[in-house]
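# Summary of structural features
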Amino acid sequence: EARKEKMRALDSAFTSWYNDGATLKSSLGFEADSDSRANQDVNGLVTAAEAMAAAETAETKLTFMDANNEGHQVGLAELKTLQLEIIQAGNAAYQEKWKLRAAIEAATTKEELDAIEIVFQPLDFSKAA
C-alpha cells in the first residue's frame, strides 16, 4: 500500500509539473515555461513565423512572453531553439519520472520509500550558450 501511495504521489507531482509548473533556463537568456501549454504555444509561434517568413523577404520578429511575463522579440531561429529546449526539458522530466518509478519499485522497506524524494527541476540551457 505504501508503494501504491508513493506511485500516486509521483504521478501527481509529475502531472502538476508537466501541465502547469515546468520551466527552463533558456540559452536565449531568460526563463521560459516548458509545460505542455508552453510547448503548444511555441509550436504555434514557430508555425506563424514560418508562414510569415515564406510570405516576406525580411525576418519578422514575434513577441514571446517568458515565465515572468516579460516580452522578448524573437525570430524563427530563436523560436526553434525554444521549441527544442522545451522538448528536451519534457524528455528529461519523463526520464526523471521513470528513474523515480524504478526506485519506488525497487524499494523493499517503508523507510526506503520514504527516502525517495519526488522533485522535478528546471533544466538550464544557459550554460550551453
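Numbering of residues begins from 1 in every chain and follows the order in which that chain's sequence is written. In view of the model being predicted, local features appear only for residues whose pLDDT reaches at least 70, and side-chain atom pairs are presented and counted only at 80 or more, with totals across whole chains, interfaces and linings using the full set of residues. With hydrogens and water stripped out, all remaining heavy atoms of the structure feed into the side-chain values.

### Quick notes on helix H2 (residues 36–55)
The way it works is that DSSP assigns letters per residue, a run of H or I at least four long becomes a helix, a run of E at least two long becomes a strand, and they are numbered from the N terminus. By this rule the span expected of a helix is its residue count minus one, scaled by 1.5 Å. Taking 1.5 Å of rise per residue, 20 residues should cover 28 Å, and H2 covers 29 Å from first to last C-alpha, within 8% of that figure. For every residue, the accessible area (1.4 Å probe, protein chains only) is compared with the maximum for its type, and the residue is labelled buried under 20%, exposed over 50%, or partly exposed between those bounds. Restricting attention to buried positions, one finds in H2 the residues Ala38, Val42, Val46 and Ala49. The arc that holds the buried residues of H2, viewed along the axis, is 75 degrees, so those residues lie on one side. Within H2, the exposed residues directed more than 90 degrees away from the buried face are Arg37, Gln40, Thr47, Ala54 and Ala55. Check the buried side of H2 and you find it contacts strand E2 (31–33), strand E3 (62–65) and helix H3 (76–106). The directions considered for the arc are those from the helix axis to the C-beta atoms. By definition in these notes, contact holds between two residues if any of their heavy atoms fall within 4.5 Å.

### Let's talk about the layout of surface pockets
Of the grid points, spaced at 1 Å and generated over the protein atoms alone, those admitting a 1.4 Å probe that cannot get out make up cavities, while open sets with protein on both sides within 12 Å along at least five of seven lines make up pockets; any residue with an atom within 4 Å of a point is treated as lining. Grid points are joined across faces, edges and corners, and a volume is the space filled by probe spheres set on the points. In this structure, the largest pocket spans a volume of roughly 210 Å³. Every residue lining the largest pocket is counted, 15 residues in all, and those nearest its centre are Asp33, Ala38, Asp41, Phe64 and Met65. Those elements that provide at least two residues to the lining of the largest pocket are E2, H2 and E3. Looking at which element gives the most residues to the lining of the largest pocket, the answer is H2, with five residues. Classes in brief: Ala, Val, Leu, Ile, Met, Phe, Trp, Tyr, Cys and Pro nonpolar; Asp, Glu, Lys and Arg charged; the others, Gly included, polar. By residue class, the composition of the lining of the largest pocket is seven nonpolar, two polar and six charged.

### What about the pattern of salt bridges?
Salt bridges are identified by distance alone: a Lys or Arg side-chain nitrogen within 4 Å of an Asp or Glu carboxyl oxygen. Enumeration according to the criterion identifies eight salt bridges in this entry. Residue lysine 97 pairs with aspartate 11 through a salt bridge whose shortest N-O separation is 3.6 Å. Of the two residues, lysine 97 sits in helix H3 while aspartate 11 sits in helix H1 (residues 2–20), which places them 86 residues apart along the sequence. Look at lysine 97 and you get buried, because its relative accessible area is 12%. Residue glutamate 50 pairs with lysine 80 through a salt bridge whose shortest N-O separation is 3.2 Å. Here glutamate 50 is found in helix H2, whereas its partner lysine 80 is found in helix H3, with 30 residues between them in sequence. Bridged by salt links that share partners, the residues Asp11, Lys97 and Arg101 form one connected network.

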